[in-house]
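Fold and geometry: a report
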Amino acid sequence: MVIKIDYNKCCWKDGKCTSCGCGSCIGCVEACPVGAIKRAKKVLIDKLKCISCGSCVNACKHHAISLA
Ligand code: SF4
Ligand code: SF4
């Protein structure tokens, strides 16, 4: 299983939330049990750390992350 993020759907752009303006899209980063996701200028997923648990897929309200 490979984790993928669709940057068109992800609301975190240029270091901030562009959806509701909260400034901290709560979701994927908080859901990951192994700390494989971080918010930089864009959301970055460390594929070497990812254990394909699917928590971030379920946590993302914009359906921007998929496992295939
Ligand atoms: S939860 Fe979804 S929309 Fe929010 S930062 Fe993560 S991938 Fe982007
Ligand atoms: S699938 Fe699980 S381990 Fe992989 S990035 Fe998402 S929450 Fe983290």
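These notes cover the structure that comes with them.

It is worth spelling out the packing of aromatic side chains at this point. In total, this model carries zero aromatic pairs according to the counting rule given. The ring of Trp-12 is capped by Arg-39, whose NZ or CZ atom sits 5.6 Å from the centre of that ring. Here Lys-42 stacks its cationic end above the ring of Tyr-7, 4.5 Å away from the centre of that ring.

A word on the environment of Ile-3. By secondary structure assignment, the location of Ile-3 is in strand β1 (residues 3-5). Ile-3 gets classed as buried once you look at its relative accessible area, which sits at 4%. In this structure Ile-3 touches Ile-45, Lys-47, Cys-50, Cys-56, Val-57, Ile-65, Ser-66 and Leu-67, once residues within four positions along its chain are discounted.

In the neighbourhood of ligand 2, 13 residues make up the surrounding shell, with Cys-32, Cys-50, Cys-53, Gly-54 and Cys-56 lying closest. Across the shell around ligand 2, the residue classes tally to ten nonpolar, three polar and no charged.

This brings us to the nonpolar core. Grouped together as the largest cluster of nonpolar side chains are 17 residues, with contacts concentrated most on Ile-37, Val-43 and Ile-65. Apart from residues lying up to four places away in sequence, Ile-65 is in contact with Ile-3, Lys-4, Ile-5, Cys-28, Ile-45, Cys-56 and Val-57.

Positive phi values are uncommon outside glycine, yet Asp-14 reaches one of about 55 degrees. Counting through the fold element by element, Asp-14 comes out in the loop between β2 (12-13) and β3 (16-17). The class of Asp-14 is exposed, set by a relative accessible area of 53%.

Definitions and cut-offs
- Residues numbered from 1 in each chain as written.
- Chains lettered and ligands numbered in written order.
- Predicted model: local features only at pLDDT ≥ 70, side-chain atom pairs only at ≥ 80, totals over all residues.
- Heavy atoms only, no water.
- Phe/Tyr/Trp six-rings, centres within 6.5 Å; stacked < 30°, edge-to-face > 60°.
- Lys NZ or Arg CZ within 6 Å of the ring centre and 35° of its normal.
- Helix = DSSP H or I, 4+ residues; strand = E, 2+ residues; numbered from the N terminus.
- Buried < 20%, exposed > 50% of the residue type's maximum accessible area, 1.4 Å probe, protein only.
- Contact = heavy atoms within 4.5 Å.
- Near = heavy atom within 4 Å.
- Nonpolar A, V, L, I, M, F, W, Y, C, P; charged D, E, K, R; others polar.
- Core = buried A, V, L, I, M, F, W, Y, C linked by side-chain atoms within 4.5 Å.

Honestly, that's just the spatial picture; any functional story needs more than this.
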